[in-house]
Amino acid sequence: MAARELKPNSGLFAVGAIDWDRRLFDELIPLPDGTTYNSYLVKGRDKTALLDTVDPAKTQVLFDNLRELKVDRIDYVIAHHGEQDHSGSLPAVLSAFPMAKLVTNAKCKEILKDLLLIPEERFVTVADHETLPLGGKTLEFILAPWVHWPETMFTWIKEDGVLFTCDFLGSHLASSELLAGDARIYTSNKRYYAEIMMPFRTSVRQHLEKVRALAPQMICPSHGPVFDKPALILDAYRDWSSEQVKNEVVVPYVSMHGSTAAMAAHLIEALMKRGVAVKPFDLPKTDVGELAMALVDAATVVIGSPTVLAGPHPAAVYAAYLANALRPKTRYVSLFGSYSWGGKMVETLSGLVANLKVEVIPPVVAKGFPKPADFAALDKLADQILEKHQTNTEVIK
Ligand code: FEO
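This text gives an overview of the structure that appears in the document.

Now for the overall build of the chain. What the chain contains, in helices and strands, is twelve helices and 24 strands. For the chain, the spread of C-alpha atoms along the three principal axes comes to 80 × 40 × 35 Å. Classification of the 397 residues of the chain by burial places 58% in the buried group. If you sum the accessible surface of the chain, you get close to 16,400 Å²; carbon and sulfur atoms cover 56% of it. Computing the positive centroid from 42 side-chain charges and the negative centroid from 47, the chain places the two 3 Å apart.

A few words now on the sheet that holds strand E16 (residues 218-221). Taken together, five strands build an open sheet; the order of strands is E12-E13-E14-E15-E16 and the sheet is mixed. The open sheet has two edge strands, strand E12 (131-133) and E16, and neither has a second partner. Ignoring strand direction, the axes of neighbouring strands in this sheet form an average angle of 20 degrees. Two elements, strand E13 (residues 138-143) and strand E14 (residues 153-157), share five bridges in a ladder whose sense is antiparallel. Pairing of Glu 140 across the sheet is with Trp 156, part of E14. Sheet contacts for helix H6 (residues 201-214): E13, E14, strand E15 (162-166) and E16; angle to E13, the most-contacted strand, approximately 155 degrees.

Moving on, we get to the pattern of salt bridges. In this structure the tally under the stated criterion is 25 salt bridges. Here Arg 73 ties to Asp 75 by a salt bridge, and the two come within 2.6 Å at their closest N and O atoms. Residue classification places Arg 73 among the partly exposed positions, given a relative accessible area of 43%. Notably, a salt bridge pairs Glu 243 with Arg 201, separated by 3.1 Å at the nearest N-O pair. In this pair, Glu 243 is assigned in the loop between helix H7 (231-241) and strand E17 (245-253) and Arg 201 in helix H6, connecting sequence segments 42 residues apart. A relative accessible area of 14% means that Arg 201 is categorised as buried. Within this structure, Arg 201, Arg 205, Glu 243, Arg 331 and Glu 394 form a network of salt bridges that share partners.

Summed over all chains, the structure comprises eight aromatic pairs. Summarising the aromatic geometry, the rings of Trp 146 and Phe 200 are spaced 5.7 Å apart at their centres and angled 20 degrees between planes, so their arrangement reads as stacked. On the criterion of sequence distance, the pair formed by Trp 146 in the loop between E13 and E14 and Phe 200 in the loop between helix H5 (185-197) and H6 is long-range, its members being 54 residues apart. In this structure Trp 146 comes out as partly exposed when scored by relative accessible area, which is 40%. The interplanar angle of 55 degrees and the centroid separation of 5.6 Å between the aromatic rings of Tyr 237 and Trp 240 together place this pair among those described as tilted. Within this pair, Tyr 237 and its partner Trp 240 are both found in helix H7, separated by three residues, close to a single helical turn. Accessibility expressed as a relative area gives 0% for Tyr 237, which makes it buried. Here the aromatic cluster, defined as three or more aromatic residues joined through ring pairs, consists of Phe 154, Phe 168, Tyr 186, Tyr 193, Tyr 237 and Trp 240.

For the rest of this paragraph, the subject is the side chain of Glu 195. Residue position: Glu 195 is located in helix H5. Judged by relative accessible area, Glu 195 falls into the buried class, the value being 13%. Setting aside residues up to four positions removed in sequence, Glu 195 forms contacts with Ile 29, Pro 30, His 172, Gly 289, Ala 292 and Leu 326.

Our focus in this paragraph is the sheet that holds strand E7 (residues 40-43). Read across the open sheet, the seven strands follow the order E1-E2-E7-E8-E9-E10-E11; overall the sheet is mixed. This sheet does not close on itself; its edge strands, each paired only once, are strand E1 (4-5) and strand E11 (123-125). Pairing analysis gives four bridges linking E7 to strand E8 (residues 48-51), with the strands arranged antiparallel. Each residue of the ladder has a partner; that of Val 42, found in E8, is Ala 49.

To continue, consider the nonpolar core. Ranked by size, the top nonpolar core spans 58 residues in total, and within it Phe 168, Met 197 and Tyr 237 carry the most contacts. Broken down by element, the residue count for this core peaks at seven residues, all from helix H10 (residues 314-326). Every residue in contact with Met 197, bar those within four places of it in the chain, is listed here: Val 147, His 148, Asp 167, Phe 168, Tyr 192, Val 204 and Tyr 237. If you look at the next biggest cluster of nonpolar residues, it comprises 27 residues, including Leu 50, Leu 69, Leu 112 and Leu 116.

This brings us to the side chain of Thr 260. With respect to the helices, strands and loops of the structure, Thr 260 is situated in helix H8 (residues 259-273). Classification of Thr 260 as buried rests on a relative accessible area of 1%. If near-sequence neighbours (up to four positions away) are discounted, Thr 260 is found in contact with Val 254, Ser 255, Gly 304, Ser 305, Pro 306, Phe 336, Gly 337 and Ser 338.

What counts and what doesn't
- Residues numbered from 1 in each chain as written.
- Predicted model: local features only at pLDDT ≥ 70, side-chain atom pairs only at ≥ 80, totals over all residues.
- Heavy atoms only, no water.
- Helix = DSSP H or I, 4+ residues; strand = E, 2+ residues; numbered from the N terminus.
- Buried < 20%, exposed > 50% of the residue type's maximum accessible area, 1.4 Å probe, protein only.
- Areas by Shrake-Rupley, 256 points an atom, 1.4 Å probe, with all protein chains shown as cover.
- Lys, Arg positive; Asp, Glu negative; His and termini not counted.
- Charge placed at Lys NZ, Arg CZ, Asp CG, Glu CD.
- Pairing = 2+ DSSP bridges.
- Axes fitted to C-alpha atoms, helices over the stretch in contact; angles between N-to-C directions.
- Contact = heavy atoms within 4.5 Å.
- Salt bridge = Lys/Arg side-chain N within 4 Å of Asp/Glu carboxyl O.
- Phe/Tyr/Trp six-rings, centres within 6.5 Å; stacked < 30°, edge-to-face > 60°.
- Core = buried A, V, L, I, M, F, W, Y, C linked by side-chain atoms within 4.5 Å.

Distances and angles like these do not, on their own, reveal function.
Put into structure tokens, the structure is as follows:
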């Protein structure tokens, strides 16, 4: 990727890398649209700073971009976050620029020492709102813990009205466009919010307030395009992290021989007839990012599983574990499924969602293929869901 200036004659440059082909992050998160590792160069009158680096696989791209800009001196490297997709090239950069100081907060310093074995003498430690003048540009460091690690921070350049937010407000979207505007950006950002930020909703709301108070003209995250119209992403984050939920039911299910699938089909139709939106996910064929996105807004989750080896199907266990870890703002949970001779499917799945502060609606379990009484019980479940959605003032009607 060629180096690009963020605004004409600003002295602010994007020098990171596009990873068009990466399809999995953390060996967990699907990347249907690839990703970027954004690194930014800030040229002041007197000093030059590099904000974050790139994933180690793309170190050469970063060096090529610095060479293109004829950068022969870096005074400061700013580390907003310790995770290696941004910090992984730090050892190479610090080796190539031996005079550079690594600037970060105390918590991030310890993480970088642990993960990358960076020696103590390279660090300059900064506190919340401490500033670093570069000549005509002043970097202000703003601690922003838990988006999504405890050591994360932002950098604000008041003179330019530009805020660098690292993972916060980012997206896994490889794009040739520097600025947001691509129609995919909303979806990519929502997917990223769901997978990375949703478990930290309280911190997200606090940091959103900090960002709004600065009234930035431009927001530069460390993944995906830059926002030159910040309202787009700030308004989206306000909605996603709010306490309001939608009149929607997410139905992740798995079926081995069709019994649970028949129950899923009946429940989906029953909910639709009642005017409740449904997002079903046949788990073995599901992109977990799509499931995570659906969990952002839905008022209710109903998980369907057969009984296998006396417990839930592993695919349903995975979905329940994921939902529990992502801590969506779901208000109601229920379960359905079938068994042949017994087991603890319901008990095991219920125990896996203990993090969710939800009301549990009684599950529907069929012995073998569902009979008329089982379908009637699913109709009753749909009635209960509708009634709860209608009477809960936090559900958007
Ligand atoms: Fe993009 Fe938490 O690293």
